[in-house]
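Breakdown of the fold
Below are the chains, spelled out letter by letter.
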Amino acid sequence: MVTPRTPSISEPVVRTAAGALRGAREAGLTVFRGVPFAEPPVGALRFQAPRPVRSWDGVRPALEHGPPPPQSGVLGSSGGVSDGGWLTLNVWTPDPDAALPVMVWIPGGGYAMGHSGLPEYDGGHLASAGTVVVTINYRLGVEGFAHIEGAPANRGLLDQVAALEWVRDNIRVFGGDPDRVTVFGQSAGGGSVAALLAMPTAAGLLHRAVAQSVPGTFFSPELAADLAAAFAAEAGVRPTVSEMAEVEPELLAAAGDAVFAQMDRWAAITLRPIPFAPVVDGDVLPATPWQALADGRARDVVLVAGHTRDEHRLFSLIDGVLGQVTREQAETALRVLAPGLPYREAFPAASDEEVYELVNADWLFRMPSVHLAEAQVAGGGRAHLFELTWPAPGMGGLLGACHGLDVPLVFGNLTSGQTATLIGEPSPEAVALSAEMRGSWTGFAAHGDPGWPAYTTGEPLTRVFDNPSTVGPYPEETARLLWRDHVFSALPPL
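Residues numbered from 1 in each chain as written. Predicted model: local features only at pLDDT ≥ 70, side-chain atom pairs only at ≥ 80, totals over all residues. Heavy atoms only, no water.

Taking strand neighbours across the sheet as the criterion, the 11 strands line up as β3-β4-β6-β8-β7-β9-β10-β11-β12-β13-β14 in an open arrangement whose pairing is mixed. Among the strands making up the open sheet, the edge pair consists of β3 (24-26) and β14 (470-473). Shown here is a sheet whose adjacent strand axes are inclined to one another by a mean of 25°, direction ignored. Pairing of strand β12 (residues 383-388) with strand β13 (residues 461-465), which is carried by 4 bridges, proceeds in the parallel orientation. Each bridged residue has a counterpart across the sheet, and for Leu385 the counterpart in β13 is Thr462. (Pairing = 2+ DSSP bridges. Helix = DSSP H or I, 4+ residues; strand = E, 2+ residues; numbered from the N terminus. Axes fitted to C-alpha atoms, helices over the stretch in contact; angles between N-to-C directions.)

A full pass over the atoms with the stated rule returns 19 aromatic pairs. Relative to Phe465, the ring of Trp441 has its centre 5.9 Å away and its plane inclined at 55°; by these criteria the two rings are tilted. Taken together, the positions of Trp441 in helix α15 (residues 428-447) and Phe465 in strand β13 put the pair 24 residues apart, joining distant regions of the chain. Exposure remark for Trp441: the relative accessible area of 2% places this residue in the buried category. On the accessibility criterion, Phe465 (0% relative accessible area) is buried. Through successive ring pairs, a cluster of aromatic residues spans Trp105, Tyr121, Phe184 and Phe411. Directly above the aromatic system of Trp56 lies the positively charged group of Arg60, at a separation of 5.0 Å from the ring centroid. (Phe/Tyr/Trp six-rings, centres within 6.5 Å; stacked < 30°, edge-to-face > 60°. Buried < 20%, exposed > 50% of the residue type's maximum accessible area, 1.4 Å probe, protein only. Lys NZ or Arg CZ within 6 Å of the ring centre and 35° of its normal.)

Further remarks concern the confidence of the model for the protein. Of all residues in the protein, 96% have pLDDT values of 70 or greater, and the mean over the chain is 94. For residues 1-8, every residue scores under 50 in pLDDT, and the model assigns this stretch 9 contacts once sequence neighbours within four places are set aside. (pLDDT = per-residue confidence, 0-100. Contact = heavy atoms within 4.5 Å.)

Another point: the side chain of Ser440. Its place among the elements puts Ser440 in helix α15. Look at Ser440 and you get buried, because its relative accessible area is 7%. Apart from the residues within four sequence positions on either side, Ser440 is in contact with Pro450, Trp452 and Phe465.

Here we take up unusual backbone geometry. Here the amide bond leading from Asn467 into Pro468 is cis, since omega sits at 5°, within 30 degrees of zero. Following the sequence through the fold, Pro468 ends up in the loop between β13 and β14. In this structure, Met395 is a non-glycine residue whose phi angle is positive, near 55°. If you trace the backbone, Met395 turns up in the loop between β12 and α14 (406-411).

Right, let's get into the pattern of salt bridges. What the rule picks out here adds up to 21 salt bridges. The shortest N-O distance in the salt bridge between Glu26 and Arg33 comes to 2.7 Å. Since its relative accessible area comes to 30%, Glu26 is described here as partly exposed. Given a relative accessible area of 11%, Arg33 falls into the buried group. (Salt bridge = Lys/Arg side-chain N within 4 Å of Asp/Glu carboxyl O.)

The subject of this paragraph is the environment of Pro36. In this fold, Pro36 is placed in strand β4 (residues 29-36). Expressed as a C-alpha distance, the spacing of Pro36 and Pro61, which sit 25 residues apart in the sequence, is 11 Å. With sequence-adjacent residues up to four places away left out, Pro36 is seen in contact with Val53, Trp56, Arg60, Leu87, Thr88 and Trp166.

A separate point is the environment of Val304. For Val304, the position within the fold is in strand β11 (residues 302-308). Overall, Val304 belongs to the buried group, its relative accessible area being 2%. Between the C-alpha atom of Val304 and that of Glu331, which follows or precedes it by 27 residues, the distance is 33 Å. Those residues in contact with Val304 that sit more than four places away from it in its chain are Ala209, Val210, Ala211, His384, Phe386, Phe444, Pro450 and Trp452.

So, about helix α11 (residues 327-337). Buried within α11 we find Ala330, Ala333, Leu334 and Leu337. The buried residues of α11 all sit within an arc of 100° when viewed along its axis, so they share a single face. Projecting away from the buried face of α11 at angles above 90 degrees are the exposed residues Arg327, Glu328 and Arg335. Looking at the buried positions of α11, the neighbouring elements they touch are α8 (268-271), α12 (343-346) and α13 (352-378). (Arc of directions from axis to C-beta.)

A separate point is the side chain of Ser192. Locating Ser192 in the fold gives a position in helix α4 (residues 188-198). Not counting residues up to four positions away in its chain, the partners in contact with Ser192 are Ile106, Tyr111, Tyr138, Leu157 and Gln160.

What follows covers the sheet that holds strand β5 (residues 59-61). Taken together, 3 strands build an open sheet; the order of strands is β1-β2-β5 and the sheet is mixed. Where the open sheet ends on each side, the last strands, each with one partner, are β1 (13-15) and β5. Across the sheet, the mean angle from the axis of one strand to that of its neighbour is 30°, orientation sign disregarded.

Before going further, it helps to examine the pairing of strand β7 (residues 100-106). Judged by how many residues are buried, β7 sits mostly within the fold: 7 of 7 residues are covered. In terms of strand pairing, β7 meets strand β9 (residues 176-186) through 6 bridges, oriented parallel. The residue of β9 that forms the bridge with Ile106 is Gly185. As paired strands, β7 and strand β8 (residues 132-136) are joined by 4 bridges and run parallel to one another. The partner of Val102 across the bridge, within β8, is Val132.

So, about α13. Of all the bends in α13, the greatest, near 60°, is centred on Asp362. Extensive coverage of α13 is indicated by the burial of 23 of its 27 residues. Gly380 sits one or two residues past α13 and shows a positive phi near 90°. (Bend = angle between axes of the 7 residues up to and from the residue.)

Now the structure itself:
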């Protein structure tokens, strides 16, 4: 609680349903950070669905980002504090007295790492275009996605729904229009956007959606339960709420990392280690996004979906195989990820490394993103498809149009955060492409039109972001035809 005081012009105050918040003025915007949208999920609320935040007296400062959720340390991430105040969000607004379109960002990170306070997610550039930008935290890893006996499934997704409910109930005082909410996210954030489109509890909370690099990994309850048993065993407990709640969140995050390091029995997600993903449990998430959209569940939500061209190259670098892929590794990828698909015949000039990159990219991100757009069209909705082909000049141009390159371009943060290393010293081309992508995303949020024609099965027009950008046939048509009859279903245990 903070002692009431008279705010200055540089310290604007808004009053939400739970209480008053004091923000700051920055570069012509009003910014509020670390705003709680749910109660800390600790104690009796550990592994439970999120509860609305309790009201407070006085004026609460909203000047610093909330703490990161407990998370994987595989890539050097860390997070989590003992009071559990992880469920917060941040708001940038150009005019608290307006009724502007709202963009809600869901961070990625394999459902295991990341948070809204990262500098690459600063919403200032997007908000300056006339939108209210919200970035959110949600529970990750074991806390958010492990399939635990006695706990609701997909707690991380339920946190996202709670954040959208907060937006619905409070965004007007920040100058946002609750009837023009666009949810956007990349990687696990894109998978979360896809999941929200399939969730009954999210119906009516979002009106437009942008799903960037959607992962095709959604788990069956059997696979998720098997993984949860492995997490629990690593922590020395059983996979029940009562026993896992006895383990500190940071230790459970470490148990998740330990399982990640020794994944050797879960088929496709062993080849590309993925210990966490949304669970198609039949309740919170009744069906995969592809099935739900094809059934028309989100036909009233306009969708933009797409991917980068070289989605897997960054992971090859992280795995230490970039430039060193063997014939055996390529054949294993083909056998595990694309059994029966004739990649060698379809790409006769491709080297082993190129085949390895193609099949990994197609299985994990490219084809799930395309299939999401096609499912939306099949269900009677509207979808727009994009591909980013502009090669990243950072790191000597080693990674091409790799996974994550769209993040600095969409946010306009070309010199801050980890993703800025993909850009290097911003060139005029990078600045122009970033402005173009920001314009497409903010225009879509405002008017429902990203600036290129809708995707149809008869004429699959695609926006290709490059220097220069074009609109034309989908560039990866050969791969699309290979995967045309594939069904992205919930992954089984083996």
